[in-house]
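Examination of the molecular architecture
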Amino acid sequence: MAVRPELLENIRAVEPYTPGEQPQEKVIKLNTNENPYPPAPGVQRVLETMDSADFRLYPDPASSVLVHALADNYKVGEDQVFVGVGSDDVLSLCFLTFFNSGKPVLFPDITYSFYKVWAGLYRIPYECPKLDENFRIRKEDYYRENGGIIFPNPNAPTAIYEDLDFVEDILAHNRDSIVIVDEAYVDFAGKSAIELVGKYDNLIVTQTFSKARSMAGMRIGYAISNPDLIRCLNDVKYSFNSYTMSRAALACGAAAVEDKEYFAESVGRIIKTRERAEKTLAELGFELTESRANFLFARHLEYDAGKLFEELKDAGIYVRHWNDERIRDYLRITVGTEEEMDRLFEFLRAKIRSGNVIA
Ligand code: PMP
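The text that follows walks through the structure, step by step, so that each part is easy to find. Because the structure is a prediction, the values reported are computed rather than measured. (Residues numbered from 1 in each chain as written. Predicted model: local features only at pLDDT ≥ 70, side-chain atom pairs only at ≥ 80, totals over all residues. Heavy atoms only, no water.)

**Looking at the packing of helix α4 (residues 86-98) against helix α7 (residues 227-237)**
Between α4 and α7, the least distance of the axes is 10 Å, while the angle of their chain directions is 100°. Between α4 and α7, the angle falls in the class roughly perpendicular. Residues L93, C94, L96, T97 and F98 of α4 pack against L229, C232, L233, V236 and K237 of α7. Residue composition of the contact of α4 with α7, grouped by class: 8 nonpolar, 1 polar and 1 charged. (Axes fitted to C-alpha atoms, helices over the stretch in contact; angles between N-to-C directions. Helix = DSSP H or I, 4+ residues; strand = E, 2+ residues; numbered from the N terminus. Parallel < 35°, antiparallel > 145°, perpendicular 65-115°, else oblique. Contact = heavy atoms within 4.5 Å. Nonpolar A, V, L, I, M, F, W, Y, C, P; charged D, E, K, R; others polar.)

**Things to note about the nonpolar core**
In this structure, L70, L203 and F209 are the most contacted members of the largest nonpolar core, which totals 51 residues. Tallying contributions element by element places helix α8 (residues 247-258) first for this core, with 7 residues. Lining this core are residues from two domains, each supplying at least three of them: domain 1 (20-37 + 261-354) and domain 2 (41-258). If sequence neighbours within four positions are ignored, L70 has contacts with V81, V83, F209, Y222 and V257. Ranked by size, the runner-up nonpolar core spans 37 residues in total, among them A40, I270, A305 and I317. (Core = buried A, V, L, I, M, F, W, Y, C linked by side-chain atoms within 4.5 Å. Buried < 20%, exposed > 50% of the residue type's maximum accessible area, 1.4 Å probe, protein only. Domains from an automatic or database assignment.)

**Digging into the state of the cysteines**
One pass over the full model with this rule turns up 0 disulfides. With no disulfide of its own, C128 lies 18 Å from the sulfur of C94, the closest cysteine sulfur. We note that C232 lacks a disulfide partner, and the nearest cysteine sulfur, in C94, lies 11 Å from it. (Disulfide = S-S within 2.5 Å.)

**Re the site of the ligand**
Taken together, 13 residues form the shell around the ligand, and within it S87, D182, Y185, T208 and S210 come nearest. One nitrogen or oxygen atom from the main chain of D88 is found 3.0 Å from an oxygen atom belonging to the ligand. A distance of 2.8 Å is found between an oxygen atom of the ligand and a side-chain nitrogen or oxygen belonging to R219. Contact with the protein chains hides 91% of the accessible area of the ligand, taken as 400 Å² for the molecule alone. For the shell around the ligand, the per-class residue count stands at 5 nonpolar, 4 polar and 4 charged. (Near = heavy atom within 4 Å. Polar contact = N/O pair within 3.5 Å; in protein donor to acceptor, adjacent residues only side chain to side chain. Areas by Shrake-Rupley, 256 points an atom, 1.4 Å probe, with all protein chains shown as cover.)

**Things to note about the packing of helix α10 (residues 305-314) against helix α11 (residues 338-353)**
Where α10 meets α11, the closest approach of the two axes is 11 Å, and the angle between their N-to-C directions is 120°. The pairing of α10 with α11 is recorded here as oblique in orientation. Here α10 and α11 pass one another in a crossing that is right-handed. Where α10 approaches α11, its residues L308, E311 and L312 are matched on the opposing element by L344, F347, L348 and K351. Split by residue class, the contact of α10 with α11 holds 5 nonpolar, no polar and 2 charged. (Left-handed = near helix turned anticlockwise from the far one by under 90°.)

**A few points about the side chain of R332**
As for its position among the elements, R332 is in strand β12 (residues 330-334). R332 has contacts with L30, N31, T32, N33, P157, F295, L296, F297, V319, R320 and W322, leaving out every residue within four places of it along the chain.

**Looking at the side chain of N31**
With respect to the helices, strands and loops of the structure, N31 is situated in the loop between β1 (28-29) and α2 (41-49). A polar contact is formed between the side chain of N31 and the backbone oxygen of E21, at a distance of 2.9 Å. Excluding its chain neighbours within four sequence positions, the residues that come into contact with N31 are G20, E21, Y318, V319, R320, R332 and T334.

Below, the structure written as structure tokens:
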């Protein structure tokens, strides 16, 4: 039975985010920037000590074990850490909490497409300054009145990282707005803006366990800022859903943070494969941005990216492609294991050798 139009009138209509495909069959999955290696061994050990009876009780609403582990890791106070169900949860709450002035929030035209969705969901006006012709953020575009600023560093899907002087310039020009730096991929890049949190009271840095820590399926993200802004986030969280983090996520998350050696090794492995992949793809005729993330952003001058995306998919290799005007020539390719990347190169080599130009 169709619902009557008058009933629909007052229902919140939103344009939802389109997540990357999660195929059920076994494929080479280079489409959602997951880490191909397992989480730290301590995570498995924690799971083995858990009993289903543990799940009878609610978890600690303050998420203290995980907050403590993160505060210790980043040498900040426990009152400077907020945790959530993936950084998507944390970022969504940040939009709800901090972007209330009625003035437009600024984020780049090419960036994480969820920002537009949260702005739409919460009825927040926004403007999207264009990246320059090399896909770099033009910091001067952010030196004007605004209702807040958010950008990823490295940016996605361009993979380009800007150094901390750049981030600091944006912070210094926006002392009266909240600036959120989404560092989902920073562990593969360089310095984190967390070191600027003590200097700029308008800064919030978000990070995730989904990429460098190989725990996308556990859903853990966090924000680091000053105690006042973290308190504001907690007030909104406790007005929304106080038990966001499961007992399993809290215990496994804390175990992951404690293993610094495994973390460094896992990040190093991805960076090494990324460097080899950049070289091989360039040899195959691809043009790439300088990636500082766990993915590559590449276009081929002779091959149509949309068709290549489909052909790769038919061959069981999933990458990401968007039909948006400025980036439709590009593929975003997650850095997988050495073997997975070899399978990708094999496919591309065969295609290029056969002269099967599909542009
Ligand atoms: N920010 C950026 C830039 C991302 O690419 C992603 C991953 N899709 C996220 C945030 C969210 O990741 P998660 O919710 O898994 O922490």
